[in-house]
Each structure stands twice: as structure tokens, then as C-alpha cells.
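Letter by letter, the chains look like this.
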Amino acid sequence: MLINIKIDNLKGIENKINVSFLASNKIKRSPKQLSNLENKKNILKSIGIIGSNGSGKTSFINSIMAIQTFITFPFRKSYNEDNNFIEQIKKFPDEIIKDLLTDLNTLKLPEQNVYRRNDSTEIEVEMFVSPRKDNISGIYTYHLSYDNNYRNNGVKKEWLKYRESYITSKEIVIFETTNNIESELGTSLLYENNVIKQISDKHEIEKFKNKMKYYKSFGKEIMEYLSFSFDDDEVDLNALFKNNIERFKDLCKLADEKIINVTLEKDEITNKEKLYFWLDKNHYLNFAQLSRGTKKIILLGNKILDTIDKNRLLIIDELESALHPQLANLLVLLMSENNENNFAQLIFTTHSPWLLFTLHNDQIVYIDNKKDYSFNTISQAISNNVISKDKNPKNALFEGLLIKNPDFEDIQSFISKYNIRD
């Protein structure tokens, strides 16, 4: 689960932002809506982010994707089928390996903000890794910084730190590297056995294995338990259906009341398994024939429920797109109504105030790009007297007190200019 994120100079995000996902203790709500970290520290299960076009909503998602991309893309991995290449490269000096990897480098990280192209991008996430089999649970902080020449010179910094609890000041530096072409974390996980073979001292082997436990605990969280959802995602529908048939069918019926059953059968022509969405005993639709909203509910509903099942972090871009407001609300409620001991988390961007205001004030993040660029919660807006306590936050959004809305006068001017009439 994300506890905090800091981003500076990444695409639409020009200035440094700092977003906390800790819950306010001043808000009364069901314990199910929070995940308990320790004592009175709770992490929000659902967070919605709203902002005008070009304000940085997608850039926020890109920053987290950048971490996953860098860790999961050691360049030598693409050659792992070529044993001769792997054996040969092990013999090269570090300088030659670096030159070779620079030539092979196809890694693509998000570019810098257009006004700060020559400055570094910095991304830092603080995460709670929940207890899983064979992992080290606790608070992990990962930092990545790079400039626009990272393909040649490597990323400027990559480090990982750990502390056992949130309130403790005792922190372990797991690793800290500079100017790396490949991720220290990713390559260590990929070449763990090779490194062990090269260590002769038993004490050093145990020391390395202990360090790898931290690498694996955080690495698995990023590589296996973090996922993203966009409108054009490709999904294995058959696998979703087989994963939980009854749940899949119920979501279909909820999305479109005309669907009475769903079956998975072999196509007579292709001999491949195919889903049939039945309207009655004799008539069916295939997935491509369903409405866009129905397809989205089926896909996102299953993703969110799988996120809950596996204590994952799911990040969705424009959750409400093509959805009926009540069904969009259903998706958010799914995350809020599961067991309080669950450590699943949903972060989504939206343009819909109606969807956002099903959440509490500390769960609603707005991007203020009117004057001093910042990411703030509604709770912060009230605390900082941006809006008064008795001001309806929804009205504050519409009135442009929190975000830069499309200018009404500009819209009217455009209509007049091009003679567009009601």
C-alpha cells in the first residue's frame, strides 16, 4: 500500500509534490474503509484524484509506472534465452558491460517537464508491504532520480530503505547506487544465483541472502502486486471467467440486466474457447458486441475484486469513463466495504465530482494548477482556509475555488465566434 509519494519534474508535474495516503483521525467512518498500519495510523484504501486537462493526473500514474518499468526491465533479461551471450557477458569488465548495455538500452522512462528539460526527475515512494509468505513486512522507501541522458549515463540515484514500523526512526539502508544503467534491485533478483556462486565466504553468502530477503519483499510488491488499468488494456477474459465463474456472471448481470448467463465453450470453427453472453436460451452476444460500459464493468469489477483477494495496489486512469454513475460508484464501494484487515488499495483519476464525493474529504485529492501548483486533499483545503468548513466541497470545485475549470467566458466566446446556436 502507498503511504506517501513525492514527485518532481515529470511530464505535467513541474514542481515538487508530496501526497500522503494516511487517513485523518478527525473523520468518523467504518473501520472497513481503512487499513490499520499501527496504533492510530491508518492507510486509506481508496483515493480519487481530480484535476483539469493537462494538470498532471496521468503524470502521477506515469511516475509510479516508471518505478515498475525500471525495476522490471534489466536489459540483459531480454537476452536470457541466449546462454552463450550470458556466459560471455559475465566475463566482461564493468566498463565494457556498461558500454554494451548502453547500446542495448531500450528503456523508456517518462520525460522531464517541458520547462525543466535539463533538470533531474525525482520519484520517491513510501510503501507498507503487508505480511506475505516468506517476506519481510514493514515500511519501504524507494527513490529513483534520472535526467534526460539516463540511457547513456544511467539513472542518477536508486536507493531502497527499510524500517520495521512507521513511527520508528531506526532505518536500514538496503542499497544505494548512482549512475546505474540497470536497476540494482531488478538485476539482483534476476542474477541472484550467479552472485552466490561467486562468493566463497559463508558469512558473506548469508549476509547477501539476508539482503535479498528485503529485495524480494519490495520487488515482489512492485512487480507482482502493483497493476494499472487504462481503457485500451488487453485482458485474458477466459482466465478472468475461470478465476471465479459465479462472480464473473454476477458482474455481467449487474452491468447489463439483459444478460441471463455466461458460458465458456469451444468455437466450432477455431476450436478455441470463447465466451458467450446469453440474452435468452437461443440468442447470445460475444464480448466485442457488448456496450463499452458493460465491458468496462466486467473488466474493472474483476480487477478490483482480484486486487482485494490478493492485497494488491490497483491504479485506474479515469475510472468513470463510459460508466453509469451508480456503477462507477459500485467499483469504489467494493474497495471500501471489504475486511478491515485487508491491505488492498485503489487509486484512481477522474473528472467526476459526483464519484469523488462518495469519498471522505481526506480521500479526495485535487490538483491546484491555478497559482502555486500542488496536490492537496479537501481536508487540507479546509485546514488551510482555502474553503470554509461550511462550504460544500462539490460547489467549491464547480466554482473553481480548488481547480482551474474550463473558463465559461472562453466557452461563450468560442460559441459566438463560430456562430454555434442552442
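What counts and how
Residues numbered from 1 in each chain as written. Predicted model: local features only at pLDDT ≥ 70, side-chain atom pairs only at ≥ 80, totals over all residues. Heavy atoms only, no water. Helix = DSSP H or I, 4+ residues; strand = E, 2+ residues; numbered from the N terminus. Rg over C-alpha atoms; globule rule 2.2 N^0.38 Å. Buried < 20%, exposed > 50% of the residue type's maximum accessible area, 1.4 Å probe, protein only. Lys, Arg positive; Asp, Glu negative; His and termini not counted. Charge placed at Lys NZ, Arg CZ, Asp CG, Glu CD. Axes fitted to C-alpha atoms, helices over the stretch in contact; angles between N-to-C directions. Parallel < 35°, antiparallel > 145°, perpendicular 65-115°, else oblique. Contact = heavy atoms within 4.5 Å. Nonpolar A, V, L, I, M, F, W, Y, C, P; charged D, E, K, R; others polar. Pairing = 2+ DSSP bridges. Salt bridge = Lys/Arg side-chain N within 4 Å of Asp/Glu carboxyl O.

1. A closer look at the overall build of the chain
From N to C terminus, the chain includes 15 helices and 17 strands. The globule rule puts the C-alpha radius of gyration for 422 residues at 22 Å, and the 24 Å found for the chain is close to it. Each principal axis of the C-alpha atoms in the chain carries an extent, and together these give about 75 × 65 × 55 Å. Relative to its 422 residues, the chain shows a buried fraction of 50%. Taking the average location of the 58 positive side-chain charges in the chain and that of its 59 negative ones, the two points are 3 Å from each other.

2. Overview of the packing of helix 10 (residues 292–309) against helix 11 (residues 325–336)
For any two helices packed against each other, one specifies the inter-axial angle together with the distance between the axes. Two numbers describe how helix 10 lies on helix 11: the axes approach to 9 Å, and their chain directions differ by 10°. Considering the angle they form, helix 10 stands roughly parallel to helix 11. Here Ile297, Leu300, Gly301, Ile304, Leu305, Thr307 and Ile308 of helix 10 lie close against helix 11, whose contacting residues are Leu327, Leu331, Leu334 and Met335. Grouping the amino acids of the contact of helix 10 with helix 11 by side-chain chemistry returns nine nonpolar, two polar and no charged.

3. Description of helix 15 (residues 408–417)
Burial analysis of helix 15 places just zero of its ten residues in the buried class, a small minority of the element. Of the residues flanking the end of helix 15, it is Asn419, one or two places downstream, whose phi is positive at about 55°.

4. Things to note about the pairing of strand 12 (residues 273–278)
Two faces belong to every sheet, and in a regular strand the side chains alternate between them. Here strand 11 (residues 261–266) runs beside strand 12; their pairing, made up of six bridges, is antiparallel. Note on strand 12: the bridge partner recorded for Thr263 is Tyr276. Linking strand 11 back to strand 12 in an antiparallel pair, the connection comprises six residues, with Asn271 at a positive phi of about 65°. Relative to strand 13 (residues 284–285), strand 12 runs antiparallel, the two being bridged by two bridges. From the neighbouring strand, Trp278 faces strand 13, where its bridge partner is Tyr284. Count of turn residues in the strand 12/strand 13 antiparallel hairpin: five residues.

5. What about the pattern of salt bridges?
Tallying each qualifying case throughout the model produces eleven salt bridges. Arg29 serves as the salt-bridge partner of Asp362, at 2.5 Å between the closest nitrogen and oxygen. One end of the pair, Asp362, is in the loop between helix 12 (353–356) and strand 16 (364–368); the other, Arg29, is in the loop between strand 2 (17–20) and strand 3 (34–38), with 333 residues separating them in the sequence. By relative accessible area, Asp362 is classed as buried at 5%. According to the relative accessible area criterion, Arg29 is buried, its value standing at 17%. With a shortest N-O distance of 3.2 Å, Glu192 and Lys216 are connected by a salt bridge. One end of the pair, Glu192, is in helix 6 (residues 192–198); the other, Lys216, is in helix 7 (residues 202–223), and 24 residues separate them in sequence. Linked by salt bridges that have partners in common, Asp8, Arg116 and Asp119 make up one network.

Function-wise, these values are silent; they only describe arrangement.
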